[in-house]
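Below, each chain spelled out in residue letters.
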Amino acid sequence: MRYWSALLMLAGAGVLQAADAGVLEDYVGLQVGSFSSEAQAKQDARYDAITWHVAEIWADDDPDERWLYAESWMAQAPAPYMQRVTRLHAAADGTISARRYTMPEAARFVGAWQDSAKLDALKPGELTELPGCDIVIVRAGAGRFEGSTTGGGCRNTYKGASYAISQSVLTADELVNWDRGFSAAGELVWGPAAGGYQLRRKGDSVACDQPVRMLVYGEIHDRKAFGRYLQALRESGLYRKYGGYYEAVTPALDVFEGSPPESRGVVIVHFPCLDAARRFWRSDEYAEIRKLREGIADFEVLVLPVPQLPK
């Protein structure tokens, strides 16, 4: 059953994006706003309820450059735990570099996300760059951006860390932010081990915060033809579009009971809620892709709830 694993790894691989003239405008349009992890915190006790506010500041004559101010709060806290200015620059290859800065006497600027005039007296030359902490952002599909720091160059001493890694995913619905600190030996010192904070855009009328798992059992009769189906699924980016990702893929590590046939494959896909899984399955795009496996594979597909973690 190893062919299933290899093909599904291919299906989950990213696609290199070409140069994109509108990438900066699209990114800022999605990034500006207020986001909250309250729904995630209710579902998973390992995460706190936090709120991020992001506003655009400082008009710039350079069309390839924009400035953002971010302010982050813990629930019921008297002051934000993070205030930061970010300079965005669009490169010729379609990527965006995000250079981050700290602010002198940051407490003076609390609330600037609502009133940008508070930052009028602050000049870029007064900011302190966070060296090695630049984030490279790429368009990873329609309405989706992914970004990450590079290597271990972002120095950090919080809780005895040596360096920090920051990763993010931005869509029209949410901002996923995963910041972690590591020791010089590469051991996790701070930050969540299980994944990033999922911050939903505030004001969404319907919260997609009850995760589900889609279990797929397949009997493959034509492996070569089935590869074309997986290739099309990979290129579509549909799982990422609807917030899905693989949690488990055959081959099995062990078989405790029964004798599964060699042609059987099993996949588990995580979705943020049942509605997201349904929108994936019932989408016109997937209906076209599904035609590629007609007559060459028999599937059983179940959607199960994800129970809350014990507190």
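Since the model is a prediction, treat every value here as computed from it, not as a measurement.

**Student:** Is there a simple way to explain the pairing of strand 3 (residues 65-74) in this structure?
**Tutor:** The element strand 3 is extensively covered by neighbouring structure, given that eight of its ten residues are classed as buried. Across eight bridges, the pairing between strand 2 (residues 50-57) and strand 3 is antiparallel. Note on strand 3: the bridge partner recorded for isoleucine 50 is methionine 74. Bridge count between strand 3 and strand 4 (residues 82-90): eight bridges; the pairing is antiparallel. Residue pairing across strands places serine 72 opposite methionine 82, the latter belonging to strand 4.

**Student:** It is not clear to me how the sheet that holds strand 13 (residues 212-220) should be interpreted in this structure. Could you clarify?
**Tutor:** Within a sheet, each strand pairs with its neighbour through backbone hydrogen bonds, oriented either parallel or antiparallel. Strand order in the open sheet made by the four strands is 14-15-13-16, with antiparallel pairing throughout. The sheet is open, and its two borders are formed by strand 14 (245-249) and strand 16 (297-305), each paired with just one other strand. Across the sheet, the mean angle separating the axes of adjacent strands is 25 degrees when strand polarity is ignored. In terms of strand pairing, strand 14 meets strand 15 (residues 264-271) through four bridges, oriented antiparallel. Following the sheet pairing, valine 249 is matched in strand 15 by valine 267. Where helix 4 (residues 223-236) meets the sheet, its contacts fall on strand 13, strand 14 and strand 16, and the angle it forms with strand 16 comes to roughly 40 degrees. The sheet strands contacting helix 6 (residues 274-281) are strand 13, strand 15 and strand 16, and the helix crosses strand 13 at an angle near 35 degrees.

**Student:** Explanation requested: the pattern of salt bridges in the structure shown.
**Tutor:** Counted by the stated rule, this structure contains 17 salt bridges. Across the pair arginine 240 and glutamate 146 runs a salt bridge, and its minimum N-O distance is 3.4 Å. One end of the pair, arginine 240, is in helix 5 (residues 238-241); the other, glutamate 146, is in strand 8 (residues 144-148), and 94 residues separate them in sequence. A residue is classified by how much of its surface remains accessible, and glutamate 146, at 26% relative accessible area, is partly exposed. When salt bridges that share partners are traced, they join Glu25, Glu56 and Arg66 into one network.

**Student:** Got a minute to help me understand helix 2 (residues 23-31) in this structure?
**Tutor:** Helical periodicity: at 3.6 residues per turn, an α-helix aligns residues three or four positions apart in one direction. Those residues of helix 2 not exposed but buried are Val23, Leu24, Tyr27, Val28, Leu30 and Gln31. Within helix 2, the buried residues cover an arc of 165 degrees as seen down the axis, which keeps them to one side. Of the residues trailing helix 2, glycine 33 is marked for its positive phi of about 145 degrees.

Scoring rules and cut-offs
For every chain, the first residue of the written sequence is number 1, and numbering continues from 1 along that sequence. Confidence filtering applies because this is a predicted model: local features only for residues at pLDDT of at least 70, side-chain atom pairs given and counted only at 80 or more, and all residues used for totals across whole chains, interfaces and linings. Each side-chain value is derived from all of the structure's non-hydrogen atoms; neither hydrogens nor water enter the calculation. Three labels apply to residues, based on accessible area from a 1.4 Å probe with only protein chains included: buried if under 20% of the type maximum, exposed if over 50%, partly exposed otherwise in between. Where helices and strands are cited, they refer to DSSP runs of H or I of at least four residues and of E of at least two residues respectively, numbered from the N terminus. Whether two strands pair depends on DSSP finding at least two bridges between them. Working convention: axes come from line fits to C-alpha atoms, limited for helices to the stretch in contact. Angles between N-to-C directions cover 0 to 180 degrees. Note on contacts: a residue pair qualifies if any of its non-hydrogen atoms lie within 4.5 Å across the two residues. Only one rule defines a salt bridge in this text: a Lys or Arg side-chain nitrogen within 4 Å of an Asp or Glu carboxyl oxygen. In this description, the arc belongs to the directions extending from the helix axis to the C-beta atoms.

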